Amino acid sequence: MSERTDEALLLRRIPYKDTSLILHLLTRQHGRIALMARGGRRVKSPLRASLAPLHRLELIWKPGRTGMGT
């Protein structure tokens, strides 16, 4: 599947396993989506600082086959 881009507002983040996060985002073009941020909880992750609630993000993601994308 092709990558998608959009502006988003981070609504919620849920810890998943040891190092990942499940993100609930509100996007301009795609509405509310859920994405997996693999490695988003690692101490040295470049994503860690920008994954604060109500933070505005520029996203590039791959939609999943059945639901959640990455």
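Residues numbered from 1 in each chain as written. Predicted model: local features only at pLDDT ≥ 70, side-chain atom pairs only at ≥ 80, totals over all residues. Heavy atoms only, no water.

Enquirer: Would you mind going over the pattern of salt bridges with me for this structure?
Expert: Any two side chains of opposite charge can pair, so long as their charged atoms come close to each other. All told, the structure shown has 3 salt bridges when counted by the stated rule. Note that Glu7 is salt-bridged to Arg28, the shortest N-O span being 3.1 Å. Here the residue Glu7 occupies a position in strand E1 (residues 4–16), and Arg28 occupies one in the loop between strand E2 (20–27) and strand E3 (31–37), the gap between them amounting to 21 residues. For Arg28, a relative accessible area of 66% gives the class exposed. Ionic pairing is found between Arg56 and Glu7, a salt bridge with its closest N-O pair at 3.2 Å. Linking Arg56 in strand E4 (residues 56–61) with Glu7 in strand E1, this pair joins segments that are 49 residues apart in sequence. It is possible to trace a salt-bridge network through shared partners that takes in Glu7, Arg28, Arg56 and Glu58. (Salt bridge = Lys/Arg side-chain N within 4 Å of Asp/Glu carboxyl O. Helix = DSSP H or I, 4+ residues; strand = E, 2+ residues; numbered from the N terminus. Buried < 20%, exposed > 50% of the residue type's maximum accessible area, 1.4 Å probe, protein only.)

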